[in-house]
Amino acid sequence: MFVLSFGLLLSDYMSRQVLNAVFPLLKAEWLLSDAQLGSLSGIVALMVGVLTFPLSLLADRWGRVRCLVIAAVVWSLATVGCAVSASYGEMFLARFMVGVGEAAYGSVGIAVVLSVFPVRLRATLSGAFMAGGSFGSVLGVSVGGVVAQHLGWRWTFGVMGLFGLVLAAVYAVVVTEKKLGPATGDLSGTTGRGAPLRTLLPRLVSSVSVICAYVGSGLQMFIAMALLAWMPSFLNRYYAMPTAKAGVVAGVFALITGIGMIAGGLVSDRLCRTVRARTWTVAVCCSLGSLVLLTAGFRSPTGAPQLVLIGAGTLLSCATAGPAAAMVARLTPTAISATAMATLTLANSLLGLAPGPAVTGVLADHMGLLRALQVVPLVAVVGAAAFALGRFFYEKDLRRLDLLPEAHVRDLEPQP
């Protein structure tokens with residue numbers, strides 16, 4: 001069940017990110033602007049952000065396996081639709097449907113996985129499952145670039161869509177609702193299925209610090225997704241790499257993003273084992289580090305040193321994801337923890353995944369892609385400020401919400 005769920009997550013992100021590998025080909029064939037290319041990428045993330053919450057609630061009530069299979073079929077057929085698109089408008093509609101299909105897979109998929117494993121393995125399984133997003137992005141960009149160069153961009157979408165349809169069919173046969181345990185990952189955020197939403201939603205934004213965690217995480221996602229979407233084009237334009245090579249190299253940068261997400265969580269847990277408030281400091285340092293390294297990288301001359309600096313900045317750009325998720329979980333009651341994660345996903349999508357590629361494309365049309373990528377890291381200034389503000393209010397919010405931990409684990413810095 002884990003392998004199939006992980007495989008569908010790979011398909012999810014491969015179908016989402018394969019577009020980035022064929023940006024140069026679409027631009028040349030359809031004479032698209034960078035803003036139009038960015039919108040084809042951003043519309044998927046926008047639909048994921050808008051529909052994640054309601055579709056997760058629907059799946060929890062109607063049947064998680066049934067919803068996952070339908071979702072996989074929808075995004076796979078929509079990806080095949082991209083392959084037969086004859087114009088920008090048709091491609092935009094197909095990408096819109098890709099976003100509709102992928103909207104709830106991450107949150108519902110992890111609920112399915114957690115329902116069949118012991119509680120003691122939840123953290124490990126959560127990290128391993130979410131890493132599938134980065135690996136899927138790597139495969140989507142790398143494999144997509146190779147297929148596009150040898151068979152054309154239409155076959156690239158076709159291969160990704162067929163892969164998803166095969167996995168969905170196998171999933172429907174192997175995984176059934178009866179095999180799942182209780183809804184441990186209840187995405188309604190309730191301990192029962194009938195609790196009214198009006199009593200739960202206010203708890204998701206009940207403190208300044210949790211709102212800062214949402215905002216800081218979303219803004220760092222803006223940077224990471226802008227880099228992920230435009231790195232193949234950057235390598236193609238400024239390093240004269242062919243589509244296949246640019247896709248493979250960009251895939252390495254996507255892999256670095258995933259490694260940064262895992263490493264950020266590990267470092268945060270290691271340094272904040274007894275004083276969890278230091279998690280905010282880790283997030284601030286990662287934000288400022290990405291600002292410095294990416295700014296220096298995109299202002300350096302082309303060559304290996306530039307790519308090393310950009311790679312280091314990419315590593316830190318999304319390293320805040322783990323600390324932000326930890327703070328959201330800490331600042332919301334256990335009864336609505338899954339809904340809090342869905343809200344964090346919503347913030348990441350609306351502040352980062354959707355606008356990151358699109359806004360970068362608009363900037364590139366006006367000032368050139370290189371100049372746009374020099375501007376994008378400035379978003380980290382606001383992200384770092386949000387995390388710093390969250391740290392300032394953290395102690396007050398914990399005391400006001402009566403969420404202080406037991407005596408053997410401190411959330412606050414020791415007082416002199």
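Refer to the structure printed above.
Conventions and cut-offs
Throughout, residues of each chain are indexed from 1 in the direction in which the sequence is written. It should be noted that, the model being predicted, local features are given only for residues of pLDDT at least 70 and side-chain atom pairs only at 80 or more, the latter also being counted only at that level, while totals for whole chains, interfaces and linings use all residues. Heavy atoms throughout the structure, all of them, feed into the side-chain values; hydrogens and water do not. Comment: elements are numbered from the N terminus, with helices defined as DSSP H or I runs of at least four residues and strands as E runs of at least two. Only protein chains enter the area calculation, which uses a 1.4 Å probe; residues under 20% of their type maximum are buried, those over 50% are exposed, and those in between are partly exposed. It only takes one pair of heavy atoms within 4.5 Å for two residues to be counted as in contact. Using the Shrake-Rupley algorithm and a 1.4 Å probe, accessible areas are obtained, with residue cover drawn only from the displayed protein chains. For cavity detection a 1 Å grid was placed over the protein atoms alone, and a set of points counts as a cavity when a 1.4 Å probe fits there but cannot get out; an open set counts as a pocket when protein lies on both sides within 12 Å along at least five of seven lines, with lining residues being those that have an atom within 4 Å of a point. Grid points are joined across faces, edges and corners, and a volume is the space filled by probe spheres set on the points. The classification used treats Ala, Val, Leu, Ile, Met, Phe, Trp, Tyr, Cys and Pro as nonpolar, Asp, Glu, Lys and Arg as charged, and all other residues, Gly among them, as polar. Salt bridges are counted wherever a side-chain nitrogen of Lys or Arg sits within 4 Å of a carboxyl oxygen of Asp or Glu.

**Student:** Just checking my understanding: could you explain the overall build of the protein chain for this structure?
**Tutor:** Helices and strands together make up the secondary structure of the protein chain, namely 17 helices and zero strands. Each of the 416 residues in the protein chain was classed as buried or not, and the buried ones make up 55%. For the protein chain, the share of sequence-separated contacts (at least 6 apart) that also reach a separation of at least 24 residues comes to 82%. A total accessible area of about 16,600 Å² is found for the protein chain, and carbon and sulfur atoms account for 72% of it.

**Student:** Would you take a moment to explain empty space enclosed by the protein for this structure?
**Tutor:** Vacant regions in the atomic arrangement are exposed by a probe of water-molecule size rolled over the atoms. This structure, assessed with the given rule, holds two cavities of 30 Å³ or more. Approximately 70 Å³ is the volume attributed to the largest cavity. If you go around the largest cavity, the residues you meet are Arg16, Gln17, Ser41, Ala45, Arg95, Met225, Ala229, Leu353 and Pro357. Elements with a minimum of two residues in the lining of the largest cavity: helix H1 (2-21), helix H3 (34-62) and helix H9 (208-238). Of the residues belonging to the lining of the largest cavity, the class tally is five nonpolar, two polar and two charged. Taken as a whole, the second largest cavity encloses approximately 50 Å³ of empty space.

**Student:** In this structure, what is going on with the side chain of Ser11? I would like to understand it.
**Tutor:** Along the chain, Ser11 falls in helix H1. Once you skip the residues sitting within four places of it in the chain, Ser11 turns out to touch Trp75, Ser76, Phe163, Gly164 and Leu167.

**Student:** I'm lost on the pattern of salt bridges in this one. Help?
**Tutor:** Once the charged atoms of two side chains with opposite charge are near each other, the side chains can pair. Within this structure, the stated rule accounts for five salt bridges. A salt bridge links Glu102 to Arg16, with the shortest nitrogen-to-oxygen separation between them at 3.0 Å. One end of the pair, Glu102, is in helix H5 (residues 88-102); the other, Arg16, is in helix H1, with 86 residues separating them in the sequence. The class of Glu102 is buried, set by a relative accessible area of 1%. Glu395 is the salt-bridge partner of Arg399, the closest N and O atoms lying 3.3 Å from each other. Of the two residues, Arg399 and Glu395 both sit in helix H17 (residues 379-400), four residues apart, roughly one turn of that helix. Its relative accessible area of 27% is what places Glu395 among the partly exposed residues. It is possible to trace a salt-bridge network through shared partners that takes in Asp12, Arg16 and Glu102.

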